[in-house]
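For reference, the chains in residue letters:
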Amino acid sequence: MRWGIREDAAADHSTVDIVLKEIENCQAVSAGTNFVLFVGDKYGSRTLPNAIPVTEFRLFRRIASWLQLKFEIVEKWYLLDTNTVPHVYRMLPITALLPFYGNLNPVNQGMQKVHQQNWECDERNMRNVLRKVAIVAVQQNKITEQESSKYFISVTENEIQKGIYTYSEVQNHVIYFERTLININLQDKMAKRYTDMTKNGELDEEVQELRDRMKNQLLPTHIPSDQTVHNVVSWTPRGIDPDFDEHGRYLTMFCEAFKALMQKQIDMGIKKVNESKIENLVMNESVAHLRMAKFKCMCFFGQEQLLRDICKAMENGFVPRPKKDKTVNEVSPGEAIEEEDKNDNGFNAATEESNNDDINGGNIEKDANEDDQLNIATDTKADTERENAGKLGPENIAEENVNDSDSEMNEEDEELEKLLNDKVNELEKMRQMYANMENGPTFASGDMSNETGTDPSRSSREELTYFKRTRKTRRPVVLYGPSGCGKTSLIARLGYMMKTWSPNAVLVIRFLGTTTNSANVRPMITGVIQSIWAAYKVNRPMDLDFNSDMIYLGQYLQALIWQVACPERPLYILLDSLDQLSPSEQAHSLAWLPTTLPQDCALVLSTLPDVTTCLDSARRLLRSDKLFIQVPPLSVEAADKIISAQCNSRGREVTRPQRNFLLDRFRECPTPLYLQLTLNQALQWRSHQQVKDLILGSEVHHAINHLFMKTERNHGIILVSKAFGYLATMRQGISTLEMEDLLSLDNEALQDTFIFHLPPDPQHIRIPNSLWSQIMADVKDVLASEMVSGRSLQKWYHRYIAEMAKDRYLTDETRIPLHRLVAQYFIGYWHGKNKPLSLFKGKIGWYPENTRDVPEQPLEMQDGSLNERKLTELPHHLAMAGMWREFHEHITTNINWLVAKVKAFGVSDLKMDLMLMLHQRDWLSEEMVKDKEDKPVVIEEEQEEANKQKGGKKNNKNIEKSKGKKKKKDEAEEEDNQTDRSENKETINEDLLQMYTHIDSDLFITESTIVQDMNKNNDQAENEDGEKTEAEKEGEEEAEDVEKAEPEYVLTLATALRDLEILIDIVTMGVECIRQSPYNLPVQISCQLGKSRALTPGLKKLVADCYEWMENTQIPLMLPQDACMPPPGEMLQTTLSANVHISVPVLLLMLWRTTSEQLALVADLSPIYGLPTTSIDELEIYKKLASLVEKLDKASSNFGMEISENQDYEQEQRVIGERNKGQWSNT
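Residues numbered from 1 in each chain as written. Predicted model: local features only at pLDDT ≥ 70, side-chain atom pairs only at ≥ 80, totals over all residues. Heavy atoms only, no water.

As recorded in an unreviewed UniProt entry, the protein goes by the name NACHT and WD repeat domain-containing protein 1, listed as coming from Elysia marginata.

Novice: Can you walk me through the overall build of the protein in this structure?
Specialist: The helix and strand inventory of the protein stands at 51 helices and 20 strands. Taken over 1227 residues, the protein has a buried fraction of 49%. For the protein, the accessible area works out to roughly 60600 Å², and carbon and sulfur atoms hold 50% of it. (Helix = DSSP H or I, 4+ residues; strand = E, 2+ residues; numbered from the N terminus. Buried < 20%, exposed > 50% of the residue type's maximum accessible area, 1.4 Å probe, protein only. Areas by Shrake-Rupley, 256 points an atom, 1.4 Å probe, with all protein chains shown as cover.)

Novice: Is there a simple way to explain the pattern of salt bridges in this structure?
Specialist: Pairs can form between side chains of opposite charge once their charged atoms are near each other. According to the stated counting rule, one finds 33 salt bridges in the structure shown. In this structure, the salt-bridge partner of Glu75 is Arg61, at a minimum N-O distance of 3.0 Å. Taken together, the residues Glu75 in helix α4 (residues 72-77) and Arg61 in helix α3 (residues 54-67) connect sequence positions 14 residues apart. The salt bridge involving Asp640 is made with Arg659; its shortest N-O contact spans 2.7 Å. Of the two residues, Asp640 sits in helix α24 (residues 636-650) while Arg659 sits in helix α25 (residues 656-668), which places them 19 residues apart along the sequence. Accessibility expressed as a relative area gives 26% for Asp640, which makes it partly exposed. One salt-bridge network, held together by shared partners, links Arg522, Glu585, Glu1072 and Arg1075. (Salt bridge = Lys/Arg side-chain N within 4 Å of Asp/Glu carboxyl O.)

Novice: Help me understand the confidence of the model for the protein, please; the structure alone is not making it clear to me.
Specialist: Detailed reading of the predicted model is not advised wherever pLDDT is low. Per-residue pLDDT for the protein averages 76, and the proportion of residues at 70 or more is 70%. Here residues 1168-1176 is modelled with pLDDT under 50, and outside its nearest four sequence neighbours on either side it reaches 14 contacts, counting other chains as well. (pLDDT = per-residue confidence, 0-100. Contact = heavy atoms within 4.5 Å.)

Novice: Sorry, what's going on with the packing of helix α27 (residues 700-715) against helix α31 (residues 770-778) here?
Specialist: The packing of two helices is summarised by the inter-axis angle and the distance between the axes. The contact between α27 and α31 brings their axes to 10 Å, and the two run at 145°. The interaxial crossing formed by α27 with α31 has right-handed handedness. Across from Leu707, Thr711, Asn714 and His715 in α27, the residues of α31 making contact are Gln774, Ile775 and Asp778. When the residues that make up the contact of α27 with α31 are grouped by side-chain class, the tally is 2 nonpolar, 4 polar and 1 charged. (Axes fitted to C-alpha atoms, helices over the stretch in contact; angles between N-to-C directions. Left-handed = near helix turned anticlockwise from the far one by under 90°. Nonpolar A, V, L, I, M, F, W, Y, C, P; charged D, E, K, R; others polar.)

Novice: Hey, could you run me through helix α44 (residues 1053-1069) in this one?
Specialist: Because an α-helix packs 3.6 residues into every turn, residues spaced three or four apart end up facing the same way. The end-to-end C-alpha separation of α44 is 24 Å, in line with the 24 Å expected for 17 residues at 1.5 Å each. When you tally the buried positions in α44, you get 15 out of 17 residues, the bulk of the element. (Expected span 1.5 Å × (residues − 1).)

Novice: It is not clear to me how helix α23 (residues 614-622) should be interpreted in this structure. Could you clarify?
Specialist: Along α23, the residues that are buried comprise Cys614, Leu615, Ser617, Ala618, Leu621 and Leu622. Mapping the buried residues of α23 onto a view down its axis gives an arc of 160°, with all of them on the same face. Positive backbone phi, approximately 55°, marks Arg623, located one or two places after α23. (Arc of directions from axis to C-beta.)

Novice: How do you make sense of the nonpolar core when you look at a structure like this?
Specialist: Among soluble globular proteins, nonpolar side chains are generally buried collectively. Membership of the largest hydrophobic core comes to 105 residues, with the highest contact counts inside it found for Phe708, Phe724, Tyr726, Trp796, Leu898, Leu914 and Ile1085. No other element matches α44, which puts 9 residues into this core. Membership of the second largest hydrophobic core comes to 56 residues, among which are Phe71, Tyr101, Val138 and Ile143. (Core = buried A, V, L, I, M, F, W, Y, C linked by side-chain atoms within 4.5 Å.)

Listed below in structure tokens is the structure:
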């Protein structure tokens, strides 16, 4: 329990508190066993309590005076602390009165010894006085035995009280091992390590009585027998001796019992967690944000005027619209623009046009059956209203607020019913026509009127984004202010007030950036839509694709809001910290933001004013100053109330002088963040501390640095710098296990840890588990936890604190080493490998062969799930560490990683990860030059040519040594090297044109100047080839008897970046196809590169792996034989998306290889396809299959489906194994 606790903790009497906090942490986070107890014959040390209640202390003082005991020694070390509620007398740190007690300076060694002796004497005297007084107090019934126990029990039993006696869930969470040694010889030197003895070498009877009481009375009544293991062992002069047969058997049985009990409790814990686990991801996301809102509202005070201003701005968002002659206020895009110019009081009509063309441009015929499509399930009242209104669909809710006549509504209902009947009759005629056809397409169930995918006259996109506006609309309200001004608390408080206004309202609140699904715009929008569906019981539309473009999703969200919001259940959407969104998919442009809302909906946003373009984008969209509210400074009165509330919630107080000092500093920096940071420090003050001795930063960054420095003093500057440095490097945060792994891999952290003690296991060296827990306990007020990929991650709860941590701990000297070690960790480089460690700072030790027991980090876990932590963190750390070779190996040319990334997070995140290394191009250029100077480099084009030319050619070193004999060869190499050095400064298009000169330029969109450059490059390449050929012939003649040696391929930075740019271009061209399915990524790479265009070894490996992946995958794909699309960097001139339907026999020929499987399945399907049902002739079946394949080839050729060098079509590759009325479809 005390492994890893620093010696300084004993000086301020915090050791016990640290251990008890760790027990609480284990009970909170451990699903299985959280406390394992080992009890032998030794009771343990008994220390003084850190605090004594005021009433008890004063009682003891009176009793000591009556007993004529010297209580002054107790009053010397215990001082009154009224800041603790209830008030206590707390013991001073040892160094407060004996400053040289823990001084390790050799110069002060003498004073250190004196002060240590003085403390031992004072401690012994206080212990005797307090125990005598406690016994008398119990006899006089002034205190209970339980209250007096803290003066007698050991530290071990104190921990047992926390972990067992007062714990309500001992069942399946605690394991108890008891060992009794018989016939202990007190004369043996090892005896004092196994039992409690006095200074005279005799058994301590008082301690033996306490131990027996604990073992025989207390523990059996609190721990179930099936969680207890008893052992009785004979004594030996060496104590427990593994070489002694009896002890060897005991140790073996002990290990087996420990393993069995641990496995049992872990399995039961996992089962319990799975049973109580919320599988609904939408629910998990909503609960996480609601919990944060509740936490932020706990101590919210002030800003009443600001809240009124927000409500007023929401009301001013209403825009009255003139009543028109039409039954409902249906407008075309042009009419909407005109009315916005006239009536929206400065709102941006142009922006409204760009965002709402599709929204308002539909027609009522297209929406006639939308209610049928969406299957809206609402309450009875809402259903009745929609039924009475003629079942018009989502626009009925908005129409409720329009005072139109019932007669007009009935006329429109009749018109809609007529249109619907006509459509149904038309579809029925089509059905009859298809039924009478002997050959031809089969009418499938998907061709019904509510399936827009098979009806060319209907657009599902337009229907899903269509809505009708009422005469009154509302606009979003935007809060803005500097970091730390309290925007998040305001959003949380506003959500609470909205639920107070309307208890039946639906509140969707998101604190962006606090969870994984709220850090990017696409999952955030998806989550909001799904929350609205769940709240209003709306079924997901069949044709809605969350992988569509963001503007479309924003338009659908706006239409959905108009569909569901109603007076009975208004909708409130609160989005905090828009600036925390990732900039991917143009999130900061706010093109996805609904800007026109119904009167029963409110949308409130918050953002920083100068960090991103979010505020400028919002102003461009809304164009009304009334909708933008700046958060003012917090008042002193509100700050005083917050101080009181925080003190009450934590059981603390501050004295009046301390409170005034705190408020005076707050007046200099009146922001909630500064108040929170300084208040966290103030709550640790003691009442006897004078204001002149207190230190508070004058600004936010000073307060943050003061917190960091205090943590460094408590736990060591090296260890804290390493821990906070690793936390600062992470993208999403860090788990406890990851932090322990990284600190265990860091030799500097281990050097600072093992100063007074050597590692207990020289073969497996790890950092003590409690170190990170102790550090987290000191900064728990500024840390936030988030569940990501099933793990609890810790991160700084505020952006400003995270930025300060990066500035302090990620310096130019430490940034690259920290990122490099984290990258190696997620690669799994140190798994199972030895990492030598030399200890010399305190204890001396050398461990050349030791492992750190870090995980393997596979891409796919044993249960089939993806390693999302690796997929998220690895590219970031490789790029920041400049590890471009590893980036090229593990990401750029690793098809398994690329597919897994798209499966887990989508193609947009993949593209962002690939761009990370390109952003380091300028910084890596010096590394590239150094790399070329240090070692000979073989250029890829030159390498490929060298592999083709046989006969006496040497490697680069041998060629460079023969300068006089190979002058022409050296000149050609020098020219190629100069070209390679300048490649980083050229664009990717120039590189691609040089690589793909064999492509027919008429197929693609190219400029004439580019074609001319390509011709010049071709001529130059031919001349260089001629020169190279002459030089090689000369080399062959002079090196006939020399052993042939092919030059070793060396990856250069220029090639690595070029391969990366090519991959980015491939992803960019196929982004829509890849977004539909991650399995299209290897197909896209093969179509654009193929076997002929991949010129570098890295790309060749990537293409080869793609073909292997496609052949081995369980998902049938249409595989391209070679490149059939434009090369990377160019564009498609024509695209064609087609659905190809293949009958079962043809699919059998494509998929099955075993004759028996073919025969069995064909026999089952023979009635459908007219095949012989008895005595099936294998040859006959193959003839029929061959005939069908021939027909299919002809049909595909007629429709342009045959792939050739002169045609470029984007195809759907995935085969959907779904049987539909005797057909399997390949789409």
